[in-house]
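# Structural description and commentary
Chain by chain, the residues:
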Amino acid sequence: MHIIGNAKVITFSSDRPFLSSGAVAFEGNHIVAVGENEEIRASYPDAEFTDARGGLLTPGLINLHSHLYSAFALGMPWDLPAPRDFDQILERLWWRVDQALDLDGVYHSGVSGLLDAARVGITTLVDHHASPSAIQGSLDRIAQSYDDVGLRGLLCYEISDRNGLEGARSGIEENIRFVRKSEKMEKLRGMVGIHASFTIGEETLDAIAEAMQGLDGGIHVHAAEAASDVETSRKRFGKHPVERYASRGLLSPKTLMAHGVHLNETTLKAMVEAGVTLAHNPNSNLNNAVGVAPIVHYRKEGLLVGLGTDGLGQDILTETKSAFYLGKNRSHDPSAWFTGDLVELWKNSARFVSRYFERKVGVLEKDAFADMVLWNYDPPCDIEERNWDGHLFFGLHPRLVDSVWTAGKPVLRKGEFACDSERMMREARVEAKKTWERLERI
Ligand SMILES: [Zn+2]
């Protein structure tokens, strides 16, 4: 039994969201009790005690859509003209990076991205992976990187026809194999990854639907990210991308769609009715100049919206602020939403991930997984029941992360990793160089 006490605790639990002098007791991978500091300490007098010294304890943060392989794109060599549209961004940047990866590159880019994520307080990262030169076994190598750093995740391989039907078939096999294998894993589960409608033909989509028969899992797909995805889909298949997935019965509460910048009222309704979750990635949308998803409107219509970074770093706090500002700006109304709406976005990310596990994530309450972050947060203004959400989104900063636990195990203690992060980063640098050498020949 372990207690983290003498903390201000934001629980995200609906019955008691904030404790000004609280404690969390946990044993094994889950929380046993949350309550007032004195009361919890008296209940478990023999427990090991970590004194938070008045710091802020929150649930671990969740990045609902990311690409760990993007860790090796940081400062990559570039001698091509700047991309002029979304398709050119994929062709000149991302599809060269992922093609250059071998299995060692997959593992070490995974480790780099996960160390980066833990440093900013993330305990669950939902990854969407591609390495067309090394498909088979790639999810096992990513799983190893999660185990070595100590984070929780949902993993998938992005199926695409861009490497021919053989590549697509191989992607389907890798997903199905890992979904089955991961059912017994402690902190990982598999999903079925699809790149996007414009790189998936009818034959491949049928094969995906067939392979998923009887499988207790959902798809993770980029949907209507750019207007061109919708235009291509309508031209080639006579349907909006979301309608293509719906026609194969692929919309469910375990379905995760990223972006959804270009939904219409029909597809929005279909997603709401099926209980699909949308991962909003505002900074990526800005960077790719694909438009801004009308999230305030989507939420009013009942769509579950969570937040991801799309591999543009792992800093979900900054991403949350961008969502806030963009939501107001796109609505032309500064009162369009408040910090309480941001809490709901984080809760939606947690609700979605929890559907894949036997316990809840993203909440500090009895029986939930002990995924937590302790922040060295000492603001001049009081944190209280009525204002903790304002502190959460405007006061916290990644540099304030002190300690991180996933499933009750320390990942980071007082800024020091439990794993040998220095050796891991040394090895990652060697692999990044090799990846770049291959990349320059593509
Ligand atoms: Zn993405």
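Rules of the game
Residues numbered from 1 in each chain as written. Predicted model: local features only at pLDDT ≥ 70, side-chain atom pairs only at ≥ 80, totals over all residues. Heavy atoms only, no water. 1 Å grid on protein atoms, 1.4 Å probe; cavity = no way out; pocket = protein on both sides within 12 Å on 5 of 7 lines; lining within 4 Å. Points joined across faces, edges and corners; volume = space filled by probe spheres on them. Helix = DSSP H or I, 4+ residues; strand = E, 2+ residues; numbered from the N terminus. Nonpolar A, V, L, I, M, F, W, Y, C, P; charged D, E, K, R; others polar. Domains from an automatic or database assignment. Axes fitted to C-alpha atoms, helices over the stretch in contact; angles between N-to-C directions. Parallel < 35°, antiparallel > 145°, perpendicular 65-115°, else oblique. Contact = heavy atoms within 4.5 Å. Pairing = 2+ DSSP bridges. Donors = N, O, S within 2.8 Å, 3.2 Å for Na, K, Ca; no water. Tetrahedral: all angles 85-135°; square planar, octahedral: opposite > 155°, others 65-115°. Salt bridge = Lys/Arg side-chain N within 4 Å of Asp/Glu carboxyl O. Buried < 20%, exposed > 50% of the residue type's maximum accessible area, 1.4 Å probe, protein only. Right-handed = clockwise from strand over helix to strand, strands pointing away. Phe/Tyr/Trp six-rings, centres within 6.5 Å; stacked < 30°, edge-to-face > 60°. Lys NZ or Arg CZ within 6 Å of the ring centre and 35° of its normal.

Each pocket or cavity is described by its volume, and for the largest pocket that value is around 530 Å³. As for the largest pocket, its lining consists of 24 residues, and the residues nearest its centre are Ser70, Ala71, Phe72, Ala73 and Leu74. Within the residue set of the lining of the largest pocket, elements represented by two or more residues are helix H2 (86–100), helix H3 (103–119) and helix H15 (421–439). Ranked by residue count, the leading element in the lining of the largest pocket is H15, at six residues. Grouping the constituent residues of the lining of the largest pocket by class yields 13 nonpolar, seven polar and four charged. Empty space within the second largest pocket amounts to approximately 200 Å³. If you go around the second largest pocket, the residues you meet are Phe12, Ser13, Ser14, Lys347, Ala350, Arg351, Ser354, Lys360, Val361, Gly362, Val363 and Glu365. By residue class, the composition of the lining of the second largest pocket is four nonpolar, four polar and four charged. Residue contributions to the lining of the second largest pocket reach at least three from each of two domains, namely domain 1 (2–60 + 360–417) and domain 2 (61–354).

The contact between helix H4 (residues 138–149) and helix H5 (residues 164–182) brings their axes to 9 Å, and the two run at 40°. Judged by the inter-axis angle, H4 sits oblique to H5. On H5, the residues that touch Ser138, Leu139, Asp140 and Ala143 of H4 are Glu174, Asn175, Arg177, Phe178 and Lys181. Within the contact of H4 with H5, the residues separate by chemical class into three nonpolar, two polar and four charged.

For the rest of this paragraph, the subject is the sheet that holds strand S8 (residues 152–155). Strands sit in the order S6-S7-S8-S10 across an open sheet of four strands; the sheet is parallel. If you trace the sheet from one side to the other, it starts and ends with strand S6 (61–66) and strand S10 (188–190), each paired once. Going across the sheet, the axis of each strand differs from the next one's by a mean of 10°, ignoring polarity. Examined bridge by bridge, S8 and S10 share three bridges and lie parallel to one another. Paired with Leu154 across the bridge in S10 is Arg189.

This next bit is on the coordination of the zinc ion. On the protein side, the zinc ion has His65 (NE2), His67 (NE2), His222 (NE2) and Asp310 (OD) as donor atoms, found 1.9 to 2.1 Å from it. Given four donor atoms and angles of 93 to 158° at the metal, the environment of the zinc ion is assigned as irregular. Each donor residue of the zinc ion belongs to the same chain, and together they define the spacing H-x1-H-x154-H-x87-D. Of this pair, His67 sits in the loop between S6 and H2 while Asp310 sits in the loop between strand S15 (304–307) and helix H12 (316–331), and the two are 243 residues apart along the sequence.

It is worth spelling out the pattern of salt bridges at this point. Considering all chains together, one arrives at 25 salt bridges under this definition. Close ionic contact of Glu358 with Arg189 constitutes a salt bridge, the shortest N to O distance being 3.1 Å. Here Glu358 is found in the loop between helix H13 (339–354) and strand S16 (372–375), whereas its partner Arg189 is found in strand S10, with 169 residues between them in sequence. For Lys269, the salt bridge identified is with Glu273, shortest N-O distance 3.3 Å. Of the two residues, Lys269 and Glu273 both sit in helix H9 (residues 265–274), four residues apart, roughly one turn of that helix. The two residues Lys269 and Glu273 agree in class, both being exposed.

What you see with strand S14 (residues 277–280) is no split at all: Thr277 and Ala279 on one side and Leu278 and His280 on the other are buried throughout. In the sheet, strand S13 (residues 256–259) pairs with S14 via three bridges, with the strands oriented parallel. Pairing of Leu256 across the sheet is with Thr277, part of S14. Read from S13 through H9 to S14, the crossover connection turns out right-handed. By the bridge criterion, four bridges tie S14 to S15 in an arrangement that is parallel. Bridge assignment links His280 to a residue of S15, and that residue is Leu307.

Using the criterion set out here, one finds eight aromatic pairs in the structure. An angle of 45° between the planes, with centres 6.3 Å apart, marks the rings of Phe324 and Tyr325 as tilted. Among the aromatic residues, ring-to-ring pairing joins Phe12, Trp346, Trp388 and Phe393 into one connected group. The ring of Phe49 is capped by Arg41, whose NZ or CZ atom sits 3.5 Å from the centre of that ring. Arg152 extends its terminal NZ or CZ atom over the ring of Phe369, reaching a point 3.9 Å from the ring centre.

Within a sheet, each strand pairs with its neighbour through backbone hydrogen bonds, oriented either parallel or antiparallel. With respect to topology, six strands assemble into an open sheet ordered S9-S11-S12-S13-S14-S15, the strand pairing being parallel. In this open sheet, the two strands that pair with only one neighbour each are strand S9 (158–159) and S15. Here H13 sits on the sheet in contact with S13, S14 and S15, set at roughly 95° to S15.

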